[in-house]
Amino acid sequence: MTVDDTTSGAGSQPPSEPSVHATPHHEVDHTAEPTDDPLAIRLEQLILGADRRYTPFQAARTAGVSMDLASRFWRAMGFADIGQAKALTEADVLALRRLAGLVEAGLLSEPMAIQVARSTGQTTARLAEWQIDSFLEGLTEPPEPGMTRTEVTYPLIELLLPELQEFLVYVWRRQLAAATGRVVQAADDEEMVDRRLAVGFADLVGFTRLTRRLEEEELGELVEAFETTSADLVAAHGGRLIKTLGDEVLFAADDAGTAAEIALRLIEAMTPDETMPALRVGIAFGTVTTRMGDVFGTTVNLASRLTSIAPKDAVLVDGAFAEELTRTGDAPASEVAAAELAAVAEKERREGGAPVSVPTYRYGLQPMWQRPVRGLGVVEPWLLARRTTS
């Protein structure tokens, strides 16, 4: 939890820290003021593994960290200002020592340490809220008449906590290994930050109108089904889900073929579901800046614009993406030439001539009318489809 900082206002950033604006999806829901509720205190002690012992000033002093730096670390982690209430534990002191120690050892710069705190805080804040909303609330329904939720919550969390902690560390290590592998395979140092990726948006058509017709519970179920299906398909086919925004998901892939497969699979999965609105997907390929788990740049903006003009249940891609598909042999450079070659091969086969090798393409590309796109000039989108014949 953060402290009252007399040297800077709440929410201000130090000059040395780069300005990073999180998307609304990544905003941290700051923790509430310290409570005196007996059950809440018992749960806090159970989860944190320690009693309240320090005020923010005492915690910073015990950790050997200045109040200014402690304040910035806690705010980056997403904890609310609590004045000088005695609400911090040994774990808070240890966290400060660790972050400050990384800076002192020269392993991280101060701005980098603050980014580590922020990325961890933002991710785990959403994770904690998600887990409470998804299963803890349902699981803590009293199993027998006369029992209160309070009587169920404490023993349940006592049982779940060590298992969830181990699982969290396992998943984090797996994801860290995968991310590290992608980075070290970059062609040069610049590609470690600015990389060439395929970036796609998938958007539910008419979602705003739908929100006015559906009950809140129905809307929540629809969004959950969309996000779950999208996340599973993106992961299964080798992409990375960057974020979800209710009626829209943003994903990325290292190559155009992977992104094309994900996009078409999304359309194919959603179309048969009568409860699901139509889907449109836009993909662009090019240099992307990756930071704080998000992606930025002109390529991302172009993918978003393509999504907004895509037909229902269809995938639009930019010229760079189309070129990449043809370069890798996933799509023909010319449908006419591919059809002519196939006709020649078929004729030779019927007449018993020498066999003609015909490439097998996974995808087809149809050029669409050039059109101006706000902020990006004139673009020539291509309609992506799955090829059923070679």
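What you see is a predicted model, and the numbers here were worked out from it, not measured in a lab. (Residues numbered from 1 in each chain as written. Predicted model: local features only at pLDDT ≥ 70, side-chain atom pairs only at ≥ 80, totals over all residues. Heavy atoms only, no water.)

This paragraph deals with the overall build of the chain. Secondary structure summary: the chain contains 12 helices and 10 strands in total. Burial status across the chain gives 38% buried among its 390 residues. Within the chain, contacts between residues at least 6 apart in sequence are counted, and of these 70% link residues at least 24 apart. Just so you have it, the chain exposes about 22000 Å², and 54% of that area is on carbon and sulfur atoms. (Helix = DSSP H or I, 4+ residues; strand = E, 2+ residues; numbered from the N terminus. Buried < 20%, exposed > 50% of the residue type's maximum accessible area, 1.4 Å probe, protein only. Contact = heavy atoms within 4.5 Å. Areas by Shrake-Rupley, 256 points an atom, 1.4 Å probe, with all protein chains shown as cover.)

In this section: the pattern of salt bridges. Applying the stated criterion to the full structure yields 14 salt bridges. The partner of Glu 324 in a salt bridge is Arg 327, and the shortest N-O contact between them spans 2.6 Å. One end of the pair is Glu 324 and the other is Arg 327, both in helix H11 (residues 319-327) and 3 residues apart, which spans about a single turn. Here Arg 362 and Asp 330 are joined by a salt bridge, their closest N and O atoms 3.1 Å apart. Here Arg 362, found in the loop between helix H12 (335-351) and strand S7 (363-367), pairs with Asp 330, found in the loop between H11 and H12; they are 32 residues apart in sequence, far enough to count as distant. In this structure, a network of salt bridges that share partners links the residues Glu 261, Arg 265, Glu 268 and Arg 386. (Salt bridge = Lys/Arg side-chain N within 4 Å of Asp/Glu carboxyl O.)

Here we come to the side chain of Asp 318. Structurally, Asp 318 is set in the loop between strand S6 (314-317) and H11. Buried and unpaired, Asp 318 has no salt bridge, with Arg 196 as the nearest side chain of opposite charge at 8.4 Å. (Lys, Arg positive; Asp, Glu negative; His and termini not counted.)

Looking now at the packing of helix H2 (residues 56-63) against helix H4 (residues 90-104). When two helices pack together, their arrangement is given by the angle between the helix axes and by the axis-to-axis distance. In the contact formed by H2 and H4, the axes pass within 9 Å of each other and the chain directions differ by 45 degrees. Taken together, the axis directions place H2 and H4 in an arrangement best described as oblique. Read as a crossing pair, H2 and H4 show a hand that is right-handed. Where H2 abuts H4, its residues Ala 59, Ala 60, Thr 62 and Ala 63 lie against Val 93, Leu 96 and Arg 97. Each residue belonging to the contact of H2 with H4 can be placed in one class, and the counts come to 5 nonpolar, 1 polar and 1 charged. (Axes fitted to C-alpha atoms, helices over the stretch in contact; angles between N-to-C directions. Parallel < 35°, antiparallel > 145°, perpendicular 65-115°, else oblique. Left-handed = near helix turned anticlockwise from the far one by under 90°. Nonpolar A, V, L, I, M, F, W, Y, C, P; charged D, E, K, R; others polar.)

Okay, a negative patch on the surface next. Side chains of Glu 215, Glu 216, Glu 217, Glu 218, Glu 221 and Glu 224 sit close together on the surface and give a patch of like negative charge. With respect to the element layout, Glu 215 can be found in the loop between helix H7 (207-213) and helix H8 (216-236). (Patch = residues over 30% accessible without salt bridge, like charges linked within 9 Å, V, L, I, M, F, W, Y side chains within 5 Å. Charge placed at Lys NZ, Arg CZ, Asp CG, Glu CD.)

With 10 of 11 residues buried, helix H3 (residues 67-77) is to be regarded as a mostly interior element. Along H3, the residues classified as buried are Met 67, Leu 69, Ala 70, Ser 71, Arg 72, Phe 73, Trp 74, Arg 75, Ala 76 and Met 77. Immediately beyond the C-terminal end of H3, within one or two residues, lies Gly 78, with a positive phi of roughly 90 degrees.

Residue-level pLDDT values for the chain average 81, and 81% of them are 70 or greater. The element-level mean pLDDT for the chain is lowest in H12, coming to 69, with S6 highest at 96. Confidence drops under a pLDDT of 50 for residues 1-32, and excluding neighbours within four residues, the segment shows 76 contacts in the predicted structure. (pLDDT = per-residue confidence, 0-100.)

Here the focus is the nonpolar core. Counting residues in each nonpolar core, the largest one holds 37 residues, and the members touching the most others are Leu 279, Val 281, Ile 283, Val 315, Phe 321, Leu 325 and Leu 384. Core analysis: the second largest hydrophobic core is formed by 23 residues, Leu 69, Ala 87, Val 93 and Leu 99 among them. (Core = buried A, V, L, I, M, F, W, Y, C linked by side-chain atoms within 4.5 Å.)

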